[in-house]
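What the coordinates show
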Amino acid sequence: MTGDLINEPILVTGSYDHTIRVWHPYTSQCIRNMQHVDSQVNALEISPKRNMLVACGYQHIRLYDLNSNYPNVNFEGVTKNVTSVGFQEDGKWMFTGGEDGKVRIWDMNSPSPACKRIFDCQSPVYAVCLLPNQVELLMAHQGGGIYLWDVKSDQHDHLLPEVECSILDVAVSPNGMYMAAINNKGSCFIWTLTSWSGLSDQETQLTRSEAKLKIQAHDKYGLRCKFSPDSNYLVTCSGDGTARVYRTDTWTLHAELRIERYWMWDAAFNNDSKYLFTASSDSLARLWRIDTKTVEREYTGHLKAVTALAFRDEPVPISTTDVTGTGLSSTH
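Residues numbered from 1 in each chain as written. Predicted model: local features only at pLDDT ≥ 70, side-chain atom pairs only at ≥ 80, totals over all residues. Heavy atoms only, no water.

1. Describing the overall build of the protein chain
The helix and strand inventory of the protein chain stands at zero helices and 28 strands. Against the 2.2 N^0.38 benchmark of 20 Å for 332 residues, the protein chain shows a C-alpha radius of gyration of 18 Å, consistent with a compact globule. Taking the principal axes of its C-alpha atoms as reference, the protein chain extends roughly 55 × 45 × 40 Å. Within the span of the protein chain, comprising 332 residues, buried residues form 56% of the whole. Across the protein chain, every contact between residues at least 6 apart in sequence was considered, and the portion connecting residues at least 24 apart equals 46%. Working note: accessible area of the protein chain is about 14,000 Å², and carbon and sulfur atoms make up 47% of it. Of note, the protein chain has its 30 positive side-chain charges centred 4 Å away from the centre of its 38 negative side-chain charges. (Helix = DSSP H or I, 4+ residues; strand = E, 2+ residues; numbered from the N terminus. Rg over C-alpha atoms; globule rule 2.2 N^0.38 Å. Buried < 20%, exposed > 50% of the residue type's maximum accessible area, 1.4 Å probe, protein only. Contact = heavy atoms within 4.5 Å. Areas by Shrake-Rupley, 256 points an atom, 1.4 Å probe, with all protein chains shown as cover. Lys, Arg positive; Asp, Glu negative; His and termini not counted. Charge placed at Lys NZ, Arg CZ, Asp CG, Glu CD.)

2. Details of the packing of aromatic side chains
For the coordinates displayed, the defined rule picks out 12 aromatic pairs. Between F75 and W106, the aromatic rings sit 4.9 Å apart at their centres with planes inclined by 75 degrees, giving edge-to-face as the arrangement. Highlighted residues: F75 in the loop between β7 (71-74) and β8 (82-87) and W106 in strand β10 (residues 102-107), separated in sequence by 31 residues. The class of W106 is buried, set by a relative accessible area of 2%. Arranged with centres 5.2 Å apart and planes meeting at 90 degrees, the rings of Y178 and W251 form a pair that is edge-to-face. Highlighted residues: Y178 in strand β17 (residues 178-183) and W251 in the loop between β22 (242-247) and β23 (253-258), separated in sequence by 73 residues. Three or more aromatic residues link up through ring pairs in this structure, and these residues are W23, Y26, F277, Y299 and F311. (Phe/Tyr/Trp six-rings, centres within 6.5 Å; stacked < 30°, edge-to-face > 60°.)

3. A look at the side chain of S47
With respect to the helices and strands, S47 occurs in the loop between β4 (43-46) and β5 (52-57). Sequence-distant contacts of S47, defined by excluding residues within four places in its chain, comprise M52, F87 and R312.

4. Examining the sheet that holds strand β15 (residues 156-159)
Taken in spatial order, the four strands of this open sheet run β12-β13-β14-β15, and their pairing is antiparallel. Bordering the open sheet on either side are β12 (125-130) and β15, each of which pairs with just one other strand. Neighbouring strand axes in the sheet, compared pairwise and without regard to direction, differ in orientation by 20 degrees on average. Bridge count for β12 against strand β13 (residues 136-141) is five bridges, and the pairing is antiparallel. By the bridge assignment, A127 is partnered in β13 with A140. (Pairing = 2+ DSSP bridges. Axes fitted to C-alpha atoms, helices over the stretch in contact; angles between N-to-C directions.)

5. Notes on the UniProt feature "repeat: WD" (unreviewed entry) in the protein chain
Sequence positions flagged by UniProt for "repeat: WD" (unreviewed entry) are, in local numbering, residues 11-33, 75-110, 215-250 and 268-298. Strand forms 70% of residues 11-33 and helix 0%; the C-alpha atoms that close the span are 12 Å apart. Secondary structure across residues 268-298 comprises 0% helix and 58% strand; the distance between its end C-alpha atoms is 15 Å. (UniProt positions renumbered as here; feature names shortened; annotations may be inferred.)

6. Observations concerning the pattern of salt bridges
For the structure on display, the rule yields 15 salt bridges. Of the charged contacts in the structure, one is a salt bridge between E162 and K214, with a shortest N-O distance of 2.7 Å. Of this pair, E162 sits in the loop between β15 and β16 (167-172) while K214 is found in strand β19 (residues 208-216), placing the two residues 52 residues apart along the sequence. On the accessibility criterion, E162 (17% relative accessible area) is buried. Residue classification places K214 among the partly exposed residues on the basis of a relative accessible area of 46%. Among the ionic pairs, D169 bridges to R224, the shortest N-O distance being 3.4 Å. (Salt bridge = Lys/Arg side-chain N within 4 Å of Asp/Glu carboxyl O.)

7. Examining the sheet that holds strand β21 (residues 233-238)
If you walk across this open sheet you meet the four strands as β20-β21-β22-β23, and the pairing is antiparallel. Two strands in the sheet have a free side with no partner beyond their single neighbour: β20 (222-227) and β23. For this sheet, the mean angle separating the axes of adjacent strands, direction not counted, is 15 degrees.

The structure is reproduced here in structure tokens:
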């Protein structure tokens, strides 16, 4: 990987073949094949500065330098599958969630990152999402609920949108207006979010949510939900082989992207929200043009199901003193 790629788009895919591939997304050229030994890849995320990649699997969290084929940090103390990962917007801390029921906060300021905080959901965690305010986490779990945790005040709340189901993913729109969650029955739930605007001397209050609607997005297992960078679209992925894109102004179906006989595991929009990357169990990643529902690129090389992807379109901020960064998108 060349140094100038730091300022170019990066696509990363992870697979059940125990490898991670780094791609030039708009040429479909694979530029690096990284080893992820002993485990499939459950989740990927590129650091805000775009120089590091974190990969999660069974009992493993590994941090890779994107210039190397091998991890330079192995995080200790995790058991079972680690299912979700993300960064605070300036990379000072990282969060992970897993089937041990724990959501962990990792201090990334040290060469040897350490776990500083733990929230116990007491049920396997399938997805974790950071709100745009950079202090609250949403945590979806097998018990069918979603916890909201303020990592500064340690306040928390719990939502239970539907009984006898598991929430597989949760997402928040970049503009902070909406929250979405999808379950194992293919149902997608939408909430409107309101930030507390109390007086400065009052105790900080959690973001409030109000149920808006339920969409029967898929007839089979729901796997992923994710908002576009402009907050105008929501994509859902499923075991029925489709990624379905909904408009957030009307919550109507905008496009259905379909493959035959395989699961659609993961998806990510590009920056202008006109294209969508997908990962599927036929060992391929694809780039779709949403308005025409056509495949523009295929990324071939994995030998088994592609279960995770990460994409960053924007360059690193020029200022090194600006701690606000460019914002953390709702990726896993």
